[in-house]
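# Observations on the three-dimensional arrangement
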Amino acid sequence: AACGLDQTKELPKFDGVSLLPLLKQAGKIERESLFWHYPHYANQGSRPGAAVRSGEWKLIEFYEDGRVELYHLKSDGGERLNLAEKHRDRARQMRARLESWRKSVGAVMPKVNPAGTK
């Protein structure tokens with residue numbers, strides 16, 4: 001959208017919504033949840049994982065060990081207090097939504113290197 005492309009024409013399998021209105025401080029977007037899938041390592045220290053933001057809540061799943069973190073962004077914008085244990089049902093529901101979304105978009109999951117690490 002920021003480049004002026006028609007996403008429906010240029011990206012027919014596009015699963016997304018423009019965040020441009022948020023960047024322009026013009027309001028909100030029409031989407032219940034936002035999803036991220038990052039299945040690889042990066043030289044900035046990133047680890048494979050995924051996240052879902054739904055309302056004031058954000059769940060992060062780490063692919064290496066299956067660990068999840070849950071944050072209430074309205075009261076903890078710095079994501080310092082992991083509430084996954086305290087709000088187990090919410091964490092479980094959000095993780096299920098994340099898994100369902102991954103399946104719906106055909107997200108490619110990371111695989112263990114058969115050659116191992118040295």
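These lines cover the structure that appears in this document, whether it is placed above or below.

Conventions and cut-offs
- Residues numbered from 1 in each chain as written.
- Predicted model: local features only at pLDDT ≥ 70, side-chain atom pairs only at ≥ 80, totals over all residues.
- Heavy atoms only, no water.
- Buried < 20%, exposed > 50% of the residue type's maximum accessible area, 1.4 Å probe, protein only.
- Helix = DSSP H or I, 4+ residues; strand = E, 2+ residues; numbered from the N terminus.
- Pairing = 2+ DSSP bridges.
- Polar contact = N/O pair within 3.5 Å; in protein donor to acceptor, adjacent residues only side chain to side chain.
- Contact = heavy atoms within 4.5 Å.
- Salt bridge = Lys/Arg side-chain N within 4 Å of Asp/Glu carboxyl O.

Turning our attention to the pairing of strand 3 (residues 57-62). Two faces make up the sheet, and in a regular strand the side chains alternate between them. Burial runs high along strand 3: 6 of the 6 residues are buried. By the alternation rule, side chains of strand 3 split into Trp57, Leu59 and Glu61 and Lys58, Ile60 and Phe62, which are all buried. Where strand 2 (residues 49-54) lies against strand 3, 6 bridges are found, and the strand directions are antiparallel. Along strand 3, the bridge assignment pairs Arg53 with Lys58. With antiparallel pairing between neighbouring strands as the criterion, strand 2 and strand 3 make up a hairpin whose turn holds 2 residues, including Gly55 at a positive phi of roughly 60°. Where strand 3 and strand 4 (residues 68-72) come together, 5 bridges link them in antiparallel fashion. Considered in strand 4, the bridge of Trp57 is made with His72. Where strand 3 folds back onto strand 4 in an antiparallel hairpin, the turn is made up of 5 residues, including Gly66, whose phi is positive at roughly 80°.

Attention shifts here to the side chain of Ser54. Position of Ser54 among the secondary structure elements: in strand 2. Take Ser54: its relative accessible area is 17%, and that puts it in the buried class. Within the structure, Ser54 has its side chain in polar contact with the side chain of Arg97 (distance 3.3 Å). For Ser54, the contacting residues outside a window of four places in its chain are Glu32, Ser33, Met94 and Arg97.

This paragraph deals with the pattern of salt bridges. Tallied over the full model, the rule gives 12 salt bridges. Note that Glu56 is salt-bridged to Lys74, the shortest N-O span being 3.8 Å. Taken together, the residues Glu56 in the loop between strand 2 and strand 3 and Lys74 in the loop between strand 4 and helix 3 (88-105) connect sequence positions 18 residues apart. Residue Lys74 is classed as exposed on the basis of its relative accessible area of 66%. Linking Glu85 and Arg88 is a salt bridge whose minimum nitrogen-to-oxygen distance equals 2.6 Å. Of the two residues, Glu85 and Arg88, both sit in the exposed class. Connected through salt bridges with shared partners, the residues Glu61, Arg95, Glu99, Arg102 and Lys103 form a single ionic network.

Remember, this is a structural readout, not a statement about activity or role.
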